[in-house]
Number of protein chains: 2
Amino acid sequence: MDWRVYASRVIVALDPPSGVEPIEWASRVWGSVAGFTAGFKVGWPLVLRAGAGRVSGFACKSGGLRLLDLKLADVAHVMKLVLEELVDCFDAVIAHAFIGGEGALIELRDYLEEHGAKLVLVYSMSHPGARETFDACRSVLDAVVRSVSPWGLVVPATRVEVVREVRVKHGDLVLFSPGVGAQGGEPGAAICAGADYEIVGRSIAWSDDPLSSLRSLAERGARRLAECRVDG
Amino acid sequence: MDWRVYASRVIVALDPPSGVEPIEWASRVWGSVAGFTAGFKVGWPLVLRAGAGRVSGFACKSGGLRLLDLKLADVAHVMKLVLEELVDCFDAVIAHAFIGGEGALIELRDYLEEHGAKLVLVYSMSHPGARETFDACRSVLDAVVRSVSPWGLVVPATRVEVVREVRVKHGDLVLFSPGVGAQGGEPGAAICAGADYEIVGRSIAWSDDPLSSLRSLAERGARRLAECRVDG
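Because the structure is predicted, anything quoted here is derived from the model rather than measured. (Residues numbered from 1 in each chain as written. Chains lettered and ligands numbered in written order. Predicted model: local features only at pLDDT ≥ 70, side-chain atom pairs only at ≥ 80, totals over all residues. Heavy atoms only, no water.)

*Asks:* For the overall build of chain A, give the residues involved together with the corresponding values.
*Replies:* When you go through chain A residue by residue, the secondary structure sums to twelve helices and eight strands. Projecting the C-alpha coordinates of chain A onto the three principal axes gives extents of approximately 45 × 40 × 30 Å. Per-residue burial over chain A gives 60% buried out of 232 residues. Excluding contacts between residues fewer than 6 apart, the proportion of contacts in chain A whose partners are at least 24 apart in sequence is 68%. Total accessible area on chain A stands at roughly 8200 Å², and carbon and sulfur atoms take up 48% of it. Each charge sign in chain A was given a centre, from 25 positive and 29 negative side chains, and these centres are 5 Å apart. (Helix = DSSP H or I, 4+ residues; strand = E, 2+ residues; numbered from the N terminus. Buried < 20%, exposed > 50% of the residue type's maximum accessible area, 1.4 Å probe, protein only. Contact = heavy atoms within 4.5 Å. Areas by Shrake-Rupley, 256 points an atom, 1.4 Å probe, with all protein chains shown as cover. Lys, Arg positive; Asp, Glu negative; His and termini not counted. Charge placed at Lys NZ, Arg CZ, Asp CG, Glu CD.)

*Asks:* How would you summarise the interface of chain B and chain A if you had to cite specific residues and measurements?
*Replies:* At the junction of the two partners, chain B supplies 45 residues and chain A supplies 46 residues. When chain B packs against chain A, the two sides together hide about 3600 Å² of surface, and 66% of this comes from carbon and sulfur. At the boundary of chain B with chain A, the tally comes to two salt bridges. In this structure, the salt-bridge partner of Lys71(B) is Asp74(A), at a minimum N-O distance of 3.1 Å. Seen at the junction of chain B and chain A, the total is 14 residue pairs in polar contact (both at pLDDT 80 or more). Those elements that provide at least two residues to the side of chain B that touches chain A are helix H3 (44–50), helix H5 (76–83), helix H6 (101–114), helix H7 (130–133) and helix H8 (138–148) of chain B. Looking at the side of chain B that touches chain A element by element, the count peaks at five residues for H3(B). Looking at the side of chain B that touches chain A residue by residue, the classes come out as 25 nonpolar, eleven polar and nine charged. (Buried area = accessible area lost by both parts, 1.4 Å probe. Salt bridge = Lys/Arg side-chain N within 4 Å of Asp/Glu carboxyl O. Polar contact = N/O pair within 3.5 Å; in protein donor to acceptor, adjacent residues only side chain to side chain. Nonpolar A, V, L, I, M, F, W, Y, C, P; charged D, E, K, R; others polar.)

*Asks:* Summarise the relation of the copies chain B and chain A; cite the residues concerned and give the values.
*Replies:* Each of the two chain copies can be brought onto the other by rotation about an axis and movement along it. Mapping chain B onto chain A is achieved by rotating through 180° and translating by 0.0 Å along the same axis, at an RMSD of 0.0 Å. Both copies of the chain, as the preceding transformation shows, are related through a two-fold rotation axis. Mapped onto chain A, 100% of the interface residues of chain B again fall at the interface, so both copies present the same surface. (Least-squares fit on C-alpha atoms with pLDDT ≥ 70 in both.)

*Asks:* Summarise the packing of helix H2 (residues 22–33) of chain B against helix H4 (residues 52–60) of chain B; cite the residues concerned and give the values.
*Replies:* Residues and elements named next belong to chain B. It is the contact of H2 with H4, at a shortest axis distance of 11 Å, that shows an interaxial angle of 20°. When the axes of H2 and H4 are compared, the pair comes out roughly parallel. Classified by chirality, the crossing of H4 by H2 is right-handed. From H2, Ile-23, Ala-26, Ser-27 and Trp-30 reach across to H4, where they touch Arg-54, Val-55 and Phe-58. Each residue belonging to the contact of H2 with H4 can be placed in one class, and the counts come to five nonpolar, one polar and one charged. (Axes fitted to C-alpha atoms, helices over the stretch in contact; angles between N-to-C directions. Parallel < 35°, antiparallel > 145°, perpendicular 65-115°, else oblique. Left-handed = near helix turned anticlockwise from the far one by under 90°.)

Now the structure itself:
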């Protein structure tokens, strides 16, 4: 299978390393892989260093699927204050499912809709500690997903059994899997388990040559996709 | 009871309204109530509008207990990237208990310790939706609190039964209660239930005359404290 088949399912996390000019860096990284990947996500590390206005400007002039990953987890009026200068030009915004609907995610979803953006909820995370909390409270998070009806969910590439379960339970939602590469998730494994997109950060974005790092990661990902198609 | 007895247990949330110069606004509000209250908390709304460097500068020249309420809820390496330019001059940083210890809160606690700051965890929140999630997963959150050993916890002033329960279960921790005022929590009720501090935002900080708004809120709070001391 051609590496580009996998690469087109990759979303690049643009968290800048120390010591770079953040928007120049993001533009250079995105510029070098944009044609091969599905989109990018930016979060607090870029917003803090570049400022809301410049991040919004970067999103407005960039193509692809643009995710704003602030992992929002506050009451509704604070989340709206935070989004004020940022929401335009992003296609979707990531918030935590565990904050619940009323007074939080329901208002956020409606606010995003007014601004032409979609809501993506963190259903679980990629670090080891997520097992003790997110996984242990699955039925509670399922109820939030049903009552809030987001567009998509974030499910960890480091634990593909969670991806598989969520694909069955919430079949109609778009699934994003972070944790591929530096955090240990094998490229292709989450897509094989039912994810729509895999999110890759440092192993592409912090590379001296992002396109060649994407390509070598995508070659492994494409082999995996080919295998899981055969396995069924 | 003198209103100042209650006021000295108040932490003012400095989330700027639209259309103000954020640091000038924060300095003016804090300047007018600093002598009477315990401290302030700032979060994303101020950081986004003023930038990390200026918020850090504001904290460095301000007295009182200084809380950085970013409600962090990400993997360890992202939380550290976010704090890089912000952590100095804050006494404590707020993160979500829900993200779990390993790969997240344990690394964060150690990082804060190196920077002379303490960790405060969100145990529950003040909006109605928090009942479906935080409250339903209490035993999971209790286990995180025991394994991470934070300095303090955030418990909602809008549901004092949660404050009462946490005071018994985690007696040695400092308890902060947000949701007083605009969100409906009655001043004094959370302290009566065992909180150490009540966090008040808009009803003081967005007032044309913050000190007189503090005073009238604190008069109600002090009456409540007097009552609960008598009730036991």
